[in-house]
Number of protein chains: 2
Amino acid sequence: MGWEKTYRRLRDYLVENALLGSAEALLGWDELTYMPPKGADGRARQMALLARTMHDRFVAPEVGAQLDELAQEKLDDDAAVNVREWRRLYQREVKVPSALVAEITQTAVHSRQAWAEARKTNQFQTFRPWLDKTIDLRRKYAACICGKNPSSSEELYDALLDDYEPYETTRRLRTMFAQLRPRLVQLMEKVRTSGRRAPVEILHRTYAVDKQKAFAEMAAKAIGFDFSAGRLDTTVHPFCTTIAPGDVRITTRYDERDFGNCFFSVIHETGHALYEQGLKAEHFGTPLGNSVSLGIHESQSRLWENLVARSEPFWRWAYPRAQEMFPDALRDVPLEQFLFAVNSIQPSLIRTEADEATYNLHIILRFELELLLLWGDLPTSELPATWNLRMREYIGIEVPDDTQGCLQDVHWSQGGFGYFPTYTLGNVNAAALFQAARKQISDLDEAIAQGEFAPLLSWLRSNVHEHGQRYCARDLMMKATGEEPSIEPLMEHLSSKLNRFYA
Amino acid sequence: MGWEKTYRRLRDYLVENALLGSAEALLGWDELTYMPPKGADGRARQMALLARTMHDRFVAPEVGAQLDELAQEKLDDDAAVNVREWRRLYQREVKVPSALVAEITQTAVHSRQAWAEARKTNQFQTFRPWLDKTIDLRRKYAACICGKNPSSSEELYDALLDDYEPYETTRRLRTMFAQLRPRLVQLMEKVRTSGRRAPVEILHRTYAVDKQKAFAEMAAKAIGFDFSAGRLDTTVHPFCTTIAPGDVRITTRYDERDFGNCFFSVIHETGHALYEQGLKAEHFGTPLGNSVSLGIHESQSRLWENLVARSEPFWRWAYPRAQEMFPDALRDVPLEQFLFAVNSIQPSLIRTEADEATYNLHIILRFELELLLLWGDLPTSELPATWNLRMREYIGIEVPDDTQGCLQDVHWSQGGFGYFPTYTLGNVNAAALFQAARKQISDLDEAIAQGEFAPLLSWLRSNVHEHGQRYCARDLMMKATGEEPSIEPLMEHLSSKLNRFYA
């Protein structure tokens, strides 16, 4: 076992990188929660230094040499996984010249500022040159990774996708989204023609902020969030971040006139947090202690948010508690009406506010357009018009301005091409996992209706969380569900919702 | 000017170390404010890694070689100060092996937790092994700096003192404290025999926590704290920490039945923060952008807390505001009575709650005991009993339990030997600086009574804050006051208080 000494030394060295990363995570969390305004300059310098230090430490030639050496050895299972994943990352990072990394980072800052300005003033033209530059840099970045002669234009996008969804391919995504789109469009059509409308105004009565916080915390705790190993704070955009194995933090925002916004975002972020809290602490800082991919991460948040926390069993448990906490708002509302309100399906302009059916159409539209942008098949000058056309075609809604259209999301401004599809992958995975869990756990619905979430969490722990990156996303899904990945569980879930509320 | 290039490169490199240090400062702040309990292990590892990284970067042989090279050059004034101080630190740090630094940092985290537990349960035995280990590590650390044959046992303590009060000596401190102790004991005796007692129960009426916070923030802002470049949070033990030039944070604690505890701790920490906010941002990360010593730092907190915020002029301005904020508690209390209450001199158990006269006796006791502990002349098993004996002798009070005795302070648990005497140095310096300011600023008392604190702050900015480490503490004091350091201004201040309230 001559490899063990090399492996352990390298592992310790790379775990230190993860510790630097977790210090950076705290700096990032603090920036968005408690940092005073004049701390911004210092914060940018601190974070840039840590990022550079981690990069320099990782791409050191000795690291590459040791990884190559270890790849020749007969490693044990755990070491094999870590070496496989470290090599994959190393071979990517080492191909991108630091000058390009620096240009990308610098451009992202200015581009995001231009985007924010364009969005505020509804002036796509202000942002367009930066979008062009960002696309160009992404193309160069992808080309570094693919080499000079990519075998297909899809390979270029594969290279970007790999940052968010390792081992996934553009080809498979295109196939999946091509199946999904017409069926979702058809579903929306049925909703439209049903003539039914969810009583969403119930959710816009007055819900005191401190009680929303208490109710959301109660629910987060009930489904398994360990508050002695985490926190809930307030920010503009909800997120989940891991500072250390025993320190996973989530955030939300509060609006007295919007029950759903806070509640479902807390459950969503709690889903992410449960995954992080379920990773094995002894593997911290190695691939075995990391989440698999964004599509798997998002499956955990969506499963709890949509499959659990919008379900009838869940509210059979939670609704009496909600009525007790918010008597003025909910005393006169029967469970069935409340359920319909939180399961509303309705065309909408803004992705982050979309219901779980429409949501995927927002994603498919972005995925299609970012492929075209990257390939040069859609000039940025035509982006707003094309966006608006497809919104009409897929979701049946007119886009009144670019702020509510192609300028609504931050992702492209900071170069996040390849990120969007992982949201829908998350929804597809969530439905498949929940379907499998219901088959494998007896009386799961009844347990949930009793407020017993431990059986489901424990199933997710042993089928998803504990494995870290042992399996790639696809293999993990197949092991957990016993089936080939498919959109059917998601479509079944959405159809049953349709039949229940819009029949 | 051939030295400039070397100097600039070295400065940039060492400023990066300061940035790592400021990331560590945030980790430390978060640990004491918001970190969930299970985050402790990860936090210890993060902080140990950053400490080690900074140490390793700093003691790199190239740094020493460049500092030696620069020390031969005819540098400009600023560079000369920075090189002088970096060399002093370098010559210290290079003597301490990184393994020992890491062990000290790691031990401090666990030891502090054991102390917190021991204090909560009043079980000195829980903490004792950690105290033994901490003392042992401190001795090893000091021995690294002194070399194998220290010329005296005082040299061992000098080595520790130098971390907090550079250029100060154990010898001078022992001389000063030997003068101070009998005069303070005598003063306490006069208070006792006066038969007068301050109406402190006024301060223990009901003061709503949110109003205490608002009132303390109002006062902190009035004396000059910039809340857009800082924060006030809640902790068990109040402190001030700098995260970046535009990010200086203070903390306090609240007790509805204790007005003074929160208010004076906020003013105290604001005094520290004003010093930090008054350092020149362009010198960030270099000695010219750092505070001189703890004794100077503490002079700033004590000056605002005791010389300003317990004075009659201050309360002529603040008292009507306090009465308006707390009508039920203060409506029937005349200013003179309130003033007596906040200037009470009375034997007490807890250092942080002690009045400004007794306070120094608490310090002298700690200073004497930590010398004995370090020299091995007092086994930790005898610490509680010896502590209690001296409390009776110096302060005339019986210690009922260790939580209110030798377990009350965090310092020793984290290895802070050599730290305590700087508190009394701070009191001595504060009185000397305030005496000088009153001589040099016309009508200072009247300005304070009008709520105009800018003249005093501006005097402190130009006489203390802006210089960073240009002068050592002793030289800075002599430049600012025009006199040799002496305990007389402090004794005059305390005597005039005695005459005013206890005649």
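Residues numbered from 1 in each chain as written. Chains lettered and ligands numbered in written order. Predicted model: local features only at pLDDT ≥ 70, side-chain atom pairs only at ≥ 80, totals over all residues.

Caption draft 1: Structural view of the overall build of chain A. Scanning chain A from terminus to terminus reveals 21 helices and three strands. The C-alpha radius of gyration computed for chain A amounts to 23 Å, which stays within 12% of the reference 23 Å derived for 503 residues, consistent with globular compactness. Referenced to the eigenvectors of the C-alpha coordinate spread, the extents of chain A come out at roughly 70 × 55 × 50 Å. Intrachain contacts of chain A at a sequence separation of at least 6 include 72% that bridge at least 24 residues. (Helix = DSSP H or I, 4+ residues; strand = E, 2+ residues; numbered from the N terminus. Rg over C-alpha atoms; globule rule 2.2 N^0.38 Å. Contact = placed C-beta atoms within 7 Å.)

Caption draft 2: Quick look at the confidence of the model for chain A. Of all residues in chain A, 100% have pLDDT values of 70 or greater, and the mean over the chain is 96. Among the prediction metrics, the complex's ipTM stands at 0.91, with pTM recorded as 0.92. (pLDDT = per-residue confidence, 0-100.)

Caption draft 3: Inspection of helix α9 (residues 209–223) of chain B at higher detail. Residues and elements named next belong to chain B. With 15 residues, α9 ought to run about 21 Å at 1.5 Å a step, and its terminal C-alpha atoms sit 21 Å apart, in line with that. Among the residues of α9, Q212, F215, A216, A219, A220 and I223 are the ones counted as buried. Angular distribution of buried residues about the axis of α9 spans 135 degrees; they occupy a single face of the element. Facing away from the buried side of α9 by more than 90 degrees, the exposed set consists of D210, A214 and K221. For α9, the elements touching its buried residues are β3 (247–252), α10 (259–278), α11 (294–308), α12 (312–325) and α19 (454–463). (Expected span 1.5 Å × (residues − 1). Buried ≥ 20, exposed ≤ 12 C-beta atoms within 10 Å, placed from the backbone. Arc of directions from axis to C-beta.)

Caption draft 4: Region of interest: the relation of the copies chain B and chain A. Least-squares fitting of chain B to chain A yields an RMSD of 1.3 Å, with the superposition described by an axial translation of 0.7 Å and a rotation of 173 degrees. The residues that chain B uses at the interface reappear at the interface of chain A in 100% of cases, marking a shared surface. (Least-squares fit on C-alpha atoms with pLDDT ≥ 70 in both.)

Caption draft 5: The arrangement of helix α14 (residues 335–342) of chain A in detail. All names here are of chain A. Of all the positions in α14, only F338, L339 and V342 are classed as buried. Each buried residue of α14 sits inside an arc of 100 degrees when the element is viewed along its axis, so together they form one side. Residues of α14 that are buried in the fold lie against α10 (259–278), α12 (312–325) and α13 (327–330).

Caption draft 6: Examining the interface of chain B and chain A more closely. Contacts between the two partners involve 29 residues from chain B, matched on the other side by 30 residues from chain A. Listing elements by their share of the side of chain B that touches chain A, those giving two or more residues are α1 (3–33), α2 (40–58), β1 (230–234) and β2 (240–244) of chain B. Counted by class, the side of chain B that touches chain A contains 14 nonpolar, seven polar and eight charged residues. (Nonpolar A, V, L, I, M, F, W, Y, C, P; charged D, E, K, R; others polar.)

Caption draft 7: Molecular detail of the nonpolar core. One finds A:A23, A:L26, B:A23, B:L50 and B:F263 to be the most contacted residues of the largest nonpolar core, which totals 132 residues. Looking at this core, you find at least three residues from each of domain 1 (3–161) and domain 2 (170–203 + 294–502) of chain B. Dropping the residues within four chain positions of it, A:L26 is found in contact with A:I243, B:L26, B:L27 and B:D30. Among the nonpolar cores identified, the runner-up in size contains 104 residues, and A:A273, A:L371, A:V399 and A:L476 belong to it. (Core = buried A, V, L, I, M, F, W, Y, C linked by C-beta atoms within 7 Å. Domains from an automatic or database assignment.)

Caption draft 8: Quick peek at the sheet that holds β1(B). All names here are of chain B. The three strands are arranged β1-β3-β2 in an open sheet whose pairing can be described as mixed. Since the sheet does not close on itself, it has two edges, and those belong to β1 and β2, each with one partner. Strand-to-strand twist of the sheet, defined as the mean angle between neighbouring strand axes without regard to direction, takes the value 25 degrees. Relative to β3, β1 runs parallel, the two sharing five bridges. Paired with G230 across the bridge in β3 is V248. (Pairing = 2+ DSSP bridges. Axes fitted to C-alpha atoms, helices over the stretch in contact; angles between N-to-C directions.)

Caption draft 9: Examining the environment of A:K280 more closely. Residues and elements named next belong to chain A. Along the chain, K280 falls in the loop between α10 and α11 (294–308). Sequence separation of K280 and H467 is 187 residues, and the distance between their C-alpha atoms is 8.1 Å. With residues near it in sequence (within four places) discarded, K280 still touches G289, E466 and G468.

Caption draft 10: Molecular detail of the sheet that holds strand β1 (residues 230–234) of chain A. All names here are of chain A. The strand order across the open sheet formed by three strands is β1-β3-β2, and the pairing between neighbours is mixed. Looking at the sheet topology across the chains shown, the edges are occupied by β1 and β2 (240–244). Here the average twist between neighbouring strands, direction ignored, is 25 degrees. Sheet analysis places β2 next to strand β3 (residues 247–252), joined by four bridges and oriented antiparallel. In the strand pairing of β3, T241 is matched with R249.

Caption draft 11: Just the pairing of β3(A), in detail. All names here are of chain A. Of all six residues making up β3, six are buried, and the element is well covered by its neighbours. Side chains D247, R249 and T251 of β3 all project onto a buried face; the interleaved residues V248, I250 and T252 project onto the opposite face, where all are buried too. Here β2 hands over to β3 after two residues, the two strands then running antiparallel side by side.

Caption draft 12: Broad picture of the packing of helix α15 (residues 358–375) of chain B against helix α17 (residues 421–440) of chain B. Residues and elements named next belong to chain B. Here α15 crosses α17 at 145 degrees, and the two axes come no closer than 8 Å. In this structure, α15 meets α17 at a crossing whose hand is left-handed. On α17, the residues that touch Y359, N360, I363 and F367 of α15 are P421, Y423, T424 and N427. (Left-handed = near helix turned anticlockwise from the far one by under 90°.)

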